[in-house]
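So the chains spell out like this:
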Amino acid sequence: MEDSKIPDKQLPGQTLEVVAKSFYKQALEYGFKREDFLRFVNILLDLGLGRNGVYTPPPSIKEDAPPPSSPADDKEQVTVRVYEESDYDLLRGWMEDSAGRLFLTTRPDPPRFNTLEALLNSETSRFGIVSLNGRPIGALAYLNIDTDQRKAELRKLIGDVAARGHGYAKRATQYWIEYGVSTLALRKIYVNTLDTNLANIRLNEHLGFRIEGVLRDEVMLDGEYQDVLRMSLILP
Ligand SMILES: CC(C)(COP(=O)(O)OP(=O)(O)OC[C@H]1O[C@@H](n2cnc3c(N)ncnc32)[C@H](O)[C@@H]1OP(=O)(O)O)[C@@H](O)C(=O)NCCC(=O)NCCS
């Protein structure tokens, strides 16, 4: 095809041909046989065309999109909004009981990077506040947001003890995941959880997270070393 006839934004045919010839030469040296080219092209088509046969470029970061919420007419409306400085005392208070402290323990980073203050001020963190009918009940966070690799660590906390076990964490985390995908362009979301934190493990499983591995004796808590499970969710 003549370059002058190429529609806007389409790569020039000559360039594709040069790339293909170069690949062909290397593939022969690598030992490709006739059927290997066919298999290779099939893999390439699957990767390039995605699920619906339409190529979708990776999303980009949209700074000001708010996290989604449940419908306004919902009797138990769960919302997640971006953290504000005035939320600090509430969040600090939620982290004081024996379950609440787990919000930030079990992290693999050194302690000085793991204080609430350091994490709130970090450019690679994003905190959210969970509310039930307008009343704050908990928090969510993305930590170590890696925009190149499109991954981040998720943390969650229902700070109001009476609000635990009602499905609010599940709904709020679903909204936070949607926010991570649509606004932060995340592709992989991972969690680090004590292997004894069954509520959290079950909840993660419900949300589609799968165990990647066990970090043995990863944290010392109440005088005992404890294993940490690393779980992750890979998004399409
Ligand atoms: C982990 C935590 C966020 C879960 O919040 P929650 O409000 O209790 O969770 P939900 O009510 O949304 O429960 C969702 C699912 O978790 C599971 N779950 C909740 N509590 C459970 C418990 N005590 N035992 C076993 N599973 C439990 C259930 O499977 C439930 O789904 P189902 O009711 O459909 O079976 C909450 O316990 C918490 O804040 N813990 C302290 C902080 C923490 O551990 N954070 C995790 C580290 S990042």
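In the block above lies the structure referred to throughout.
If you're wondering where the values come from, they're calculated on a predicted model, not measured in any experiment.

S.K.: How would you sum up helix 5 (residues 168-182)? Please name residues and give values.
M.R.: Here helix 5 spans 21 Å end to end across 15 residues, near enough to the 21 Å set by a 1.5 Å rise per residue. Taken together, the buried positions of helix 5 are occupied by Tyr168, Ala169, Arg171, Ala172, Thr173, Tyr175, Trp176, Ile177, Tyr179 and Gly180. Those residues of helix 5 that are buried lie in contact with strand 1 (78-82), strand 2 (126-132), strand 3 (135-146), strand 4 (151-158), strand 5 (188-194) and helix 6 (198-206).

S.K.: Please set out the environment of leucine 91 residue by residue, giving values where relevant.
M.R.: Within the element layout of this structure, leucine 91 appears in helix 3 (residues 88-94). The spacing of leucine 91 and leucine 157 is 66 residues in sequence and 9.4 Å in space, taken between C-alpha atoms.

S.K.: Can you lay out unusual backbone geometry for me, pointing to particular residues and giving the numbers?
M.R.: Non-glycine residue alanine 185 carries a positive phi angle of around 60°. The topology assignment puts alanine 185 in the loop between helix 5 and strand 5. A positive phi is found at aspartate 222, a non-glycine position, where the angle reads about 50°. Tracing the chain through its elements places aspartate 222 in the loop between strand 6 (210-221) and strand 7 (224-234).

S.K.: Please give an account of the pairing of strand 7 that cites residues and values.
M.R.: As defined by bridge partners, strand 5 adjoins strand 7 across seven bridges and the pair is classed as antiparallel. What sits directly across from asparagine 192, in strand 7, is arginine 230. Counting the residues in the hairpin turn of strand 6 and strand 7 gives two residues, including aspartate 222, whose phi is positive at 50°.

S.K.: Quick one: what's the story with the pairing of strand 4, residue by residue and with numbers?
M.R.: Counting buried positions along strand 4 yields eight of eight residues, so the element is predominantly enclosed. The hairpin turn running from strand 3 into strand 4, its antiparallel successor, is four residues long, and arginine 150 in that turn takes a positive phi close to 55°. When strand 4 meets strand 5, the two strands line up parallel, connected through three bridges. The residue bridging lysine 151 from the neighbouring strand is lysine 188, located in strand 5.

S.K.: Account for the nonpolar core, with residues named and values stated.
M.R.: Residues Val130, Ala139, Ala152, Tyr168, Ala172 and Trp176 are the most contacted members of the largest nonpolar core, which totals 35 residues. At the level of elements, strand 1, helix 3, strand 2, strand 3, strand 4, helix 5, strand 5 and strand 7 are the ones that each hand at least two residues to this core. With sequence-adjacent residues up to four places away left out, tryptophan 176 is seen in contact with Pro67, Val80, Gly128, Leu140 and Leu154.

S.K.: Tell me what's going on with the site of the ligand, and back it up with residues and numbers.
M.R.: Around the ligand, the structure places 23 residues, and the nearest of them are Leu102, Ala169, Lys170, Ala199 and Leu203. Of all elements in the fold, only strand 4, helix 5 and helix 6 reach the threshold of two or more residues within the shell around the ligand. At six residues, helix 6 tops the list of elements feeding residues into the shell around the ligand. Split by residue class, the shell around the ligand holds 10 nonpolar, eight polar and five charged.

Definitions and cut-offs
- Within each chain, residues carry numbers counting from 1 in the order of the written sequence.
- Local features are withheld for residues below a pLDDT of 70 in this predicted model, meaning they are given only at 70 or higher, and side-chain atom pairs are given and counted only at 80 or more; totals for whole chains, interfaces and linings count all residues.
- Comment: elements are numbered from the N terminus, with helices defined as DSSP H or I runs of at least four residues and strands as E runs of at least two.
- What a helix is expected to span follows from its residue count: subtract one and scale by 1.5 Å.
- Field definition: a residue is buried when 20 or more other C-beta atoms are found within 10 Å of its C-beta, exposed when 12 or fewer are, and partly exposed for counts in between, with C-beta atoms placed from the backbone.
- By the criterion used throughout, residues are in contact when their C-beta atoms, derived from the backbone, lie within 7 Å.
- At least two bridges found by DSSP between two strands are what make those strands a pair.
- We define the nonpolar core as any set of buried residues of the types Ala, Val, Leu, Ile, Met, Phe, Trp, Tyr and Cys, connected via C-beta atoms lying within 7 Å of each other.
- Here is the check we use: build the C-beta atom from the backbone, and if it is within 6 Å of the molecule or strand, call the residue near.
- Amino acid classes used here: Ala, Val, Leu, Ile, Met, Phe, Trp, Tyr, Cys and Pro are nonpolar; Asp, Glu, Lys and Arg are charged; the rest, including Gly, are polar.

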